[in-house]
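Next come the chains, spelled out residue by residue.
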Amino acid sequence: MVGLPLTLAEVERGQRLGALLRRAGGCRSMFDVALASHISPETLRKIESGRVATPAFPTIAAIADTLGLSLHAVRAEISQPERTIAGFVGPRSERQQFTDRAVLVRLPAC
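Residues numbered from 1 in each chain as written. Predicted model: local features only at pLDDT ≥ 70, side-chain atom pairs only at ≥ 80, totals over all residues. Heavy atoms only, no water.

(A) Just unusual backbone geometry, in detail. Look at His 38: it is not a glycine, yet its phi comes out positive at around 60°. Tracing the backbone shows His 38 in the loop between helix H2 (30-37) and helix H3 (41-49). (Helix = DSSP H or I, 4+ residues; strand = E, 2+ residues; numbered from the N terminus.)

Dropping the structure here:
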């Protein structure tokens, strides 16, 4: 079955989710996190890389539980697009350098 193409907002949300999961994983290997979450390492790799922008809720709940993240924190982190400095207009790569983003999740140190 062929799905509808993802919107730009869905792609960006998937990228934010992947970045959050990579940061929260810290020193743990992707393989260890996947096994502890009862999902395949390939599924976790696709989510972390942003290739699966809209993973199933039970999958995210299992990964969040393994990483010690609350679902509220995950939702808050991925739902907020980066806010750029008012009036700055430029290519996306330049805009990303000028963000004013709050860190919502405290991550453990390795």
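(B) View of H2. Burial in H2 covers these residues: Val 33, Ala 34 and Ser 37. One face of H2 carries all of its buried residues, which in axial projection span an arc of 100°. Buried-residue contacts for H2 involve H3 and helix H4 (57-67). Taken from the residues just after H2, His 38 is the one with a positive phi, measuring 60°. (Buried < 20%, exposed > 50% of the residue type's maximum accessible area, 1.4 Å probe, protein only. Arc of directions from axis to C-beta. Contact = heavy atoms within 4.5 Å.)

(C) Fine view of H4. Every buried residue of H4 is listed here: Thr 59, Ile 60, Ile 63, Ala 64, Thr 66 and Leu 67. Across the axial projection of H4, the buried residues extend over an arc of 160°, all falling on one side. Away from its buried face by more than 90 degrees, H4 exposes Phe 57, Pro 58 and Asp 65. Elements that come into contact with the buried residues of H4 comprise helix H1 (8-25), H2, H3 and helix H5 (71-79). Of the residues flanking the end of H4, it is Gly 68, one or two places downstream, whose phi is positive at about 75°.

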